[in-house]
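# Chains, contacts and geometry: an overview
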Amino acid sequence: MPDVSQRIEALREQIEEANYQYYGLDQPTLSDAEYDALLQELIRLEKEHPEFLTPDSPSQRVGGYIAKEFPKVRHAEALLSLDNAFDAGDLLEFDRRVRALVAEVEYVVELKIDGLTVALTYEDGALVRGATRGDGEVGEEITANLKTIPAIPLRLRKQADRLDVRGEGYMPKGSFLRLNQEREEAGQPLFANPRNAAAGSLRQLDSRITAQRKLGYFAYQVLTPEEGELASQTAVLDYLKEQGFSVNPEYRVFSAIEEVIAYCGEMVEKRHNYPYDIDGLVIKVNDIAQQRELGFTAKSPRWAIAYKFPAEQVET
Ligand SMILES: NC(=O)c1cc2c(N)ncc(C(N)=O)c2s1
């Protein structure tokens, strides 16, 4: 009979691997029943042997920490907002500004998830802090709540002294519909949309409530790609996936803005084809060195722009 600490370690590895397969690779390996059985055994063993409990154990995903308030935390680098483009003219203008500064350019186009931006910090491979965007400079520290989101790894899969990740926390449409049904049955006020529901869920003082909200997370940026010798945005996305993050697979690379414009037109028709809300696309210069050359204006990167889908006629 392996000793308890070996059994606990084995359970943690199996559970985190199952999370990665399900949320990182979208290829589940365990059934829900098998997964729950492992998690229940881990929680039981950690209760019987608290000396083996560690903060990065997957048992912490069920929450249980009740914050009094959310401490403020200053971001390592400001989370700037994106300039917006609403039509082909705006995108052509963006491309002209880019090409005035860099010669050959390639664009990556990613889905703009309608959630809220969340910054994550890992030290020696462990998630040590997570924060909301706040005003871009200072956010709210909501680490305990973020640990309940299986798509956010508690430990990185590859060695990294320090890693700062940006991504979007969101509530899948299915979770939103189920939550509002429960609230309606309980006579509670309904959430207007998945974005509000995600914001409310991430800012719960009781992380057990966050754990029940079935939130998701798509990682899309690292702060210092040069450190990891990541030369392009597509290399950053591959790296994030290797590290165990859930990375949205719907991204395209184009070498001409006309192709980006055509893709934006296609996506207006497909915007409801996903199990989560999107409100546009994010177009970025792919090459990291060119992003550095282009730099930032006072409020936004020069190397990226958000294409916003046209407002829809609300059925009255
Ligand atoms: N405000 C921002 O910088 C961004 C906001 C978002 C968003 N809501 N969804 C996806 C991305 C992305 N894939 O880069 C970005 S970037």
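Described below are features of the structure shown in this document. One numbering rule holds for all chains: residues counted from 1, following each sequence as written. For this predicted model, a pLDDT threshold of at least 70 governs which residues receive local features, and a threshold of 80 or more governs which side-chain atom pairs are given and counted, while totals over whole chains, interfaces and linings are taken from all residues. Note: side-chain values were computed over all heavy atoms of the structure, leaving out hydrogens and water.

## Section: the environment of S175
Position of S175 relative to the elements: it lies in helix α5 (residues 173-185). Between the C-alpha atoms of S175 and T143, which are 32 residues apart in sequence, the distance is 21 Å. Only runs of H or I of at least four residues qualify as helices and only runs of E of at least two qualify as strands under DSSP, and these elements are numbered from the N terminus.

## Let's talk about the packing of helix α3 (residues 88-101) against helix α9 (residues 257-270)
Between α3 and α9, the shortest axis-to-axis distance is 10 Å and the interhelical angle comes to 150°. One element, α3, and the other, α9, form an angle in the roughly antiparallel class. Helix-helix and strand crossings are classified by hand; for α3 and α9 the assignment is right-handed. Contacts between α3 and α9 involve A88, L91, L92 and D95 from the former and I257, E258, I261 and C264 from the latter. Here the residues of the contact of α3 with α9 sort into six nonpolar, no polar and two charged. Orientation is described by lines fitted to C-alpha atoms, with helices fitted over the stretch in contact, and by angles between N-to-C directions that extend from 0 to 180 degrees. Angular relationships are summarised with four words: roughly parallel below 35 degrees, roughly antiparallel beyond 145, roughly perpendicular across 65 to 115, and oblique for the angles in between. Handedness of each helix crossing follows the sense of rotation of the near helix against the far helix: counterclockwise by less than a right angle gives left-handed, clockwise gives right-handed. Any two residues having at least one pair of non-hydrogen atoms within 4.5 Å are treated as being in contact. Residue polarity follows a fixed list, in which Ala, Val, Leu, Ile, Met, Phe, Trp, Tyr, Cys and Pro are nonpolar, Asp, Glu, Lys and Arg are charged, and the others, Gly among them, are polar.

## Comments concerning the site of the ligand
We call a residue near a molecule or strand when any one of its heavy atoms sits within 4 Å of it. The environment of the ligand is formed by L80, L82, E110, L111, K112, I113, E168, Y220, V282 and K284. Pairs of N or O atoms within 3.5 Å make up the polar contacts considered here, provided that, within protein, one atom can donate a hydrogen while the other can accept it, and that residues adjacent in sequence are counted only when both atoms are side-chain atoms. In the model, a nitrogen atom of the ligand is placed 2.8 Å from a nitrogen or oxygen of the E110 side chain. A distance of 2.9 Å separates a nitrogen atom of the ligand from a polar backbone atom of I113. We get accessible surface area from the Shrake-Rupley algorithm with a probe of 1.4 Å; when it comes to residues, only the shown protein chains can shield them. Protein contacts shield 86% of the accessible area of the ligand, which totals 370 Å² for the unbound molecule. Among the elements of the structure, β3 (107-113) and β10 (278-285) are those that each provide at least two residues to the shell around the ligand. In terms of residues, the shell around the ligand owes the most to one element, β3, which gives four residues. Split by residue class, the shell around the ligand holds six nonpolar, no polar and four charged.

## Structural notes on the sheet that holds β3
Strand pairing is assigned whenever DSSP detects at least two bridges linking the two strands. Within the open sheet, the five strands sit side by side as β2-β11-β10-β3-β9. Their pairing is mixed. Looking at which strands have only one partner, the edges of the open sheet turn out to be β2 (84-85) and β9 (252-254). Direction of pairing for β10 relative to strand β11 (residues 304-308): antiparallel, over a ladder of five bridges. Across the sheet, I283 pairs through a bridge with I305, a residue of β11. Where α3 meets the sheet, its contacts fall on β2, β3, β10 and β11, and the angle it forms with β11 comes to roughly 175°.

## What about the pattern of salt bridges?
Think of a salt bridge as a Lys or Arg side-chain nitrogen and an Asp or Glu carboxyl oxygen that are within 4 Å of each other. A complete count under the given rule lists 25 salt bridges for this structure. Taking the shortest distance from any N to any O, the salt bridge between E41 and R7 comes out at 2.8 Å. You can see E41 sitting in helix α2 (residues 32-48) and its partner R7 sitting in helix α1 (residues 4-24), a full 34 residues away along the chain. We call a residue buried when its accessible area falls under 20% of the maximum for its residue type, exposed when it is over 50%, and partly exposed in between, using a 1.4 Å probe and counting protein chains only. Owing to a relative accessible area of 27%, R7 belongs among the partly exposed residues under this scheme.

## Regarding unusual backbone geometry
Even without being a glycine, D26 presents a positive backbone phi close to 60°. On the secondary structure map, D26 appears in the loop between α1 and α2. Overall, the relative accessible area of 66% leaves D26 in the exposed class. Of note, the phi angle at D124 is positive, near 50°, even though the residue is not glycine. Tracing the backbone shows D124 in the loop between β4 (116-123) and β5 (126-132). Taking the relative accessible area as the measure of exposure, D124 reaches 56% and is therefore exposed.

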